[in-house]
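Take a look at the letters that make up each chain.
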Amino acid sequence: MAKEKTHYVCSDCGGTSPKWQGKCPSCNAWNTLIESVPESASPVKNRFASLAKTAEIAVLGDIDAVDMARTPTGHEELDRVLGGGMVEGGVVLIGGDPGIGKSTLLLQALDSLQRSGQSTLYVTGEESGAQVALRARRLGLDGSQVRVLAEIGLEKILATLASTQPDIAVIDSIQTVYSDQLTSAPGSVAQVRECAAHLTRAAKASGVCIVLVGHVTKEGALAGPRVLEHMVDTVLYFEGDTHSSFRLVRAIKNRFGAVNEIGVFAMTEKGLKGVSNPSAIFLSQHAEPVPGSCVMVTLEGTRPMLVEIQALVDNGGPSPRRLSVGLDKDRLAMLLAVLHRHAGVACMDQDVFVNAVGGVRISEPAADLAVLLAITSSLRGKPLPKGFFAFGEVGLAGEVRPAPRGQERLKEAAKLGFSVAVVPKANLPKNLKAKDFEGLTIHAVERVEQAMEVVRNL
């Protein structure tokens, strides 16, 4: 009997190779080639021919562009990340670690939408209908009218979507769905790509808003080929430590709203609740100011948030350590060199540990000035004054550069009762006597040494 032909498919990019190799020839990723059986082209030709609509050429200026109508989910933080709510015909992909709360949040959102008069459908491939009902009881959603379908066959799911015509449908999860037209197992690259393509086309053709739940790899990226993220309209990541009660939902891609928006949720006995003032999470509650602590204002999408940066400088051995949690460690090494060269503060023989409180990750360079002030405060053993905060990017020449949307950052800090600020000179508000900055003393600096001098005098 002839041996069945096989080829190797990359789990990252979907590229194929006739033999196994350590590195994928298409995307150069290591150890991602998985053996699979090639699909025969004979049974069905051009599976997508019936789904594609023909369109005439149109001039861009003549196309009537109107804003997409939004359907609020009833969860303010989720609406913020989505750009205002669900969009008709939109496809949302949400990924996150197992047990972080993806299914919980979507079940709560579907219940709120159903209560507001929307037609909803929850398709579960990982649980039975009884398990979903049990979770609904735990969340306090008694008497919920959300329709549930326990099914993993793509053709049956599409037929149900066509017959029931819901406004919003959740597919939990895309890795469990399979198509009869392919012989590979559910969760394989070919199945995930094919099923997502069919569901996306069904959403665009019928106007149903579809939410796909995706698994993540051990590195934290969405499992399956990257083409999955290109197909959908919005990609959300569910982040957070399972040991903490707080969860962050972050938008990585959004065709209908701003990217890098975040929503903050607290996990409670009754499910996920939105946190309207997340700055409270990321600030430690010290009775008196302590050395090595400096508050900064970071921007997450359009939202300014106050985050506490903590530093600990301790006697190191012959090879001192530089460790940062929530901040880039290479940037920390660069900032220590700037601090020594331009402000005369040496940490060559000291261990330096820097942490952003609350498990938040800060990727913007506006944290530089706060990191330097926290390190200096810990080294000297002198706390910064009460109600103090700082932000600004620090360059290799020792200059302090402006941070984007500085006035909004200052307003947020003033609103929360902070009184002393060290900021880049370019971020100084034109009207300091405005009501928004009442009770706030602002020190504008141009260089690192100038900032150190200001803090010494405080």
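Residues numbered from 1 in each chain as written. Predicted model: local features only at pLDDT ≥ 70, side-chain atom pairs only at ≥ 80, totals over all residues. Heavy atoms only, no water.

1. Observations concerning the overall build of the chain
Within the chain one finds 10 helices and 23 strands. The principal-axis extents of the C-alpha atoms in the chain amount to approximately 80 × 55 × 55 Å. In the chain, buried positions account for 47% of the 458 residues. Intrachain contacts of the chain at a sequence separation of at least 6 include 66% that bridge at least 24 residues. (Helix = DSSP H or I, 4+ residues; strand = E, 2+ residues; numbered from the N terminus. Buried < 20%, exposed > 50% of the residue type's maximum accessible area, 1.4 Å probe, protein only. Contact = heavy atoms within 4.5 Å.)

2. Observations regarding the side chain of Q350
If you trace the backbone, Q350 turns up in strand β18 (residues 350-356). The exposure class of Q350 is buried, given its relative accessible area of 12%.

3. Re the packing of aromatic side chains
According to the stated counting rule, one finds 2 aromatic pairs in the structure shown. Between F389 and F391, the ring centres sit 6.5 Å apart and the planes meet at 20°, which makes this aromatic pair stacked. Per residue, the accessibility class of F389 equals that of F391, and both read buried. A centroid spacing of 6.0 Å and a plane angle of 90° characterise the contact between F389 and F418, whose relative ring orientation is edge-to-face. A residue pair is termed long-range when its members are at least 10 positions apart, and F389 in strand β19 (residues 388-390) and F418 in the loop between α9 (406-415) and β22 (420-424) qualify at 29 residues. A residue is classified by how much of its surface remains accessible, and F418, at 13% relative accessible area, is buried. Taken together, the ring pairs connect F389, F391 and F418 into an aromatic cluster. One residue, R409, lies across the ring of F391, its end atom 5.5 Å from the ring centre. (Phe/Tyr/Trp six-rings, centres within 6.5 Å; stacked < 30°, edge-to-face > 60°. Lys NZ or Arg CZ within 6 Å of the ring centre and 35° of its normal.)

4. A few points about the sheet that holds strand β1 (residues 7-10)
Taken in spatial order, the 3 strands of this open sheet run β2-β1-β3, and their pairing is antiparallel. Unpaired on one side and paired on the other, β2 (16-17) and β3 (33-36) mark the two borders of the sheet. In terms of strand pairing, β1 meets β3 through 4 bridges, oriented antiparallel. By the bridge assignment, Y8 is partnered in β3 with E35. (Pairing = 2+ DSSP bridges.)

5. Quick notes on the pairing of β1
As paired strands, β1 and β2 are joined by 2 bridges and run antiparallel to one another. Across the sheet, V9 pairs through a bridge with T16, a residue of β2. If you look at the hairpin formed by β1 and β2, you'll find 5 residues sitting between the two strands, and G14 has a positive phi there, around 85°.

6. Some words on the confidence of the model for the chain
Summary statistics for the chain give a mean pLDDT of 89 and a share of 95% for residues scoring 70 or more. Taking the mean pLDDT of every element in the chain, the minimum, 84, falls on β3 and the maximum, 97, on strand β7 (residues 120-124). (pLDDT = per-residue confidence, 0-100.)

7. Thoughts on the sheet that holds β7
An order of β8-β7-β9-β10-β6-β11-β12-β13-β14 is seen for the 9 strands of this open sheet, with the pairing classed as mixed. Only two strands of the sheet have a single neighbouring strand rather than two, namely β8 (147-150) and β14 (271-274). Sheet twist, expressed as the average angle between the axes of neighbouring strands with direction ignored, equals 25°. Bridge count between strand β6 (residues 91-96) and strand β10 (residues 209-214): 5 bridges; the pairing is parallel. Residue pairing for β10: I94 is matched across the bridge by V213. Along the sheet, helix α4 (residues 154-164) contacts β7, β8, β9 (168-172) and β10; its crossing angle with β7, the most-contacted strand, is approximately 170°. (Axes fitted to C-alpha atoms, helices over the stretch in contact; angles between N-to-C directions.)

8. What about the nonpolar core?
Formed by 67 residues in total, the largest nonpolar core has its most connected members in I375 and F389. Broken down by element, the residue count for this core peaks at 7 residues, all from helix α8 (residues 368-380). With residues up to four places along the chain from it excluded, the contact list for F389 reads V295, V297, L410, A413, F418, V420, A421, V422 and L440. (Core = buried A, V, L, I, M, F, W, Y, C linked by side-chain atoms within 4.5 Å.)

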